[in-house]
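Here is how the chains run, residue by residue.
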Amino acid sequence: MTWKFDNNFPIYIQIANTIKLQIVTHQLQSGDKLPTVRDLAEIAGVNPNTVQRALSDLESEGFVYSVRTTGRFVTDNLDLIQETRVNLAKDELENFVNNMLDLGFERKELVQQLDHYLKGE
């Protein structure tokens, strides 16, 4: 099954972000071995060079590391994973707040609306 990509963003960035999200949400655990470039390219339905670029970016950011002749593995840098998780959460909160303000809610109403939602009201 091929992945669905947004034509407005480079595919390699979308692949890197997908893998990063899998790491942050613990779908991929520290020390897990990633599939090969060819396998990931086949899964995603893209050119292996695109996957290679995504993995190289992830490696330079510290999310994965290479072991010569063995493959790529998920980082054990839990601080990096947690920091990224918090940053992604901040981005989601910013989107939520902006969308709620666009709907006409006042800032002081946001906590109340969120509280009602979480209580299932």
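As the structure is a computational prediction, the values presented were derived from the model and not from experiment. Within every chain, residues take consecutive numbers counted from 1 along the sequence as written. Confidence filtering applies because this is a predicted model: local features only for residues at pLDDT of at least 70, side-chain atom pairs given and counted only at 80 or more, and all residues used for totals across whole chains, interfaces and linings. Each side-chain value is worked out from all heavy atoms of the structure, with water and hydrogens disregarded.

J.: If you had to explain the overall build of the protein chain to someone new, which residues and values would you point to?
T.: From N to C terminus, the protein chain includes five helices and two strands. The N-to-C order of helical and strand elements in the protein chain reads α-α-α-β-β-α-α. For the protein chain, the C-alpha radius of gyration of 18 Å lies well beyond 14 Å, the compact-globule estimate for 121 residues. A 1.4 Å probe rolled over the protein chains alone gives each residue an accessible area, and that area as a share of the maximum for its type sets the label: buried under 20%, exposed over 50%, partly exposed in between. Classification of the 121 residues of the protein chain by burial places 25% in the buried group. Contacts are assigned to residue pairs with any non-hydrogen atoms lying within 4.5 Å of each other. Expressed as a percentage of contacts within the protein chain between residues at least 6 apart in sequence, the contacts between residues at least 24 apart total 51%. Using the Shrake-Rupley algorithm and a 1.4 Å probe, accessible areas are obtained, with residue cover drawn only from the displayed protein chains. When the accessible surface of the protein chain is summed, it comes to about 8700 Å², and 50% of that surface belongs to carbon and sulfur atoms. A gap of 5 Å separates the mean positions of the 12 positive and 18 negative side-chain charges of the protein chain. What counts as a helix is a DSSP run of H or I of at least four residues, what counts as a strand is a run of E of at least two, and both are numbered from the N terminus. For the radius of gyration, the atom set is restricted to C-alpha positions; the globular benchmark scales as 2.2 Å times the number of residues to the power 0.38. Counted as positive: Lys and Arg. Counted as negative: Asp and Glu, with His and the chain ends omitted from the count. A charged residue contributes its charge at one atom only: NZ of Lys, CZ of Arg, CG of Asp or CD of Glu.

J.: Give me the UniProt feature "domain: HTH gntR-type" (unreviewed entry) in the protein chain: which residues, what numbers.
T.: UniProt positions are given in the numbering used here, feature names are shortened, and annotations may be inferred rather than shown by experiment. Following the UniProt record, the feature "domain: HTH gntR-type" (unreviewed entry) maps to residues 9-77 here. In residues 9-77, the share of helix is 52% and the share of strand is 12%. The end C-alpha atoms are 28 Å apart.

J.: Describe the side chain of Lys 20, and please don't skip the residues or the numbers.
T.: Of note, Lys 20 is situated in helix 1 (residues 11-24). Apart from the residues within four sequence positions on either side, Lys 20 is in contact with Leu 58, Glu 61, Phe 63 and Thr 84.

J.: A description of the domain arrangement of the protein chain should follow, citing residues and the corresponding values.
T.: Each domain's limits were defined by an automated method or a database of domain assignments. Taken domain by domain, the protein chain comprises domain 1 (11-76) and domain 2 (79-119). Between the C-alpha centres of domain 1 and domain 2 the distance comes to 29 Å. Together, the buried faces of domain 1 and domain 2 total about 560 Å²; carbon and sulfur atoms form 86% of this surface. What counts as a salt bridge is simple: a side-chain nitrogen of Lys or Arg found within 4 Å of a carboxyl oxygen of Asp or Glu. The interface formed by domain 1 and domain 2 includes zero salt bridges. Two N or O atoms form a polar contact when they lie within 3.5 Å of each other; inside protein one atom must be a possible hydrogen donor and the other a possible acceptor, and for residues adjacent in sequence the pair counts only when both atoms belong to side chains. Counting the contacts that link domain 1 with domain 2 gives zero residue pairs in polar contact (both at pLDDT 80 or more). It is helix 1 that contributes the most residues to the side of domain 1 that touches domain 2, four residues altogether. Polar here means any residue other than Ala, Val, Leu, Ile, Met, Phe, Trp, Tyr, Cys and Pro, which are nonpolar, and Asp, Glu, Lys and Arg, which are charged; Gly is therefore polar. A per-class count over the side of domain 1 that touches domain 2 returns four nonpolar, four polar and two charged. By definition, the buried area sums, over both parts, the 1.4 Å-probe accessible area that each loses when the two are put together.

J.: Please give an account of helix 4 (residues 78-102) that cites residues and values.
T.: One fewer than the residue count of a helix, multiplied by 1.5 Å, yields its expected span. When the terminal C-alpha atoms of helix 4 are compared, their 36 Å separation across 25 residues agrees well with the 36 Å that a helix rising 1.5 Å per residue should span. Listing the buried residues of helix 4 in full gives Leu 80, Ile 81, Thr 84 and Met 100. After helix 4 finishes, the residue Gly 104 shows a positive phi value of roughly 100°.

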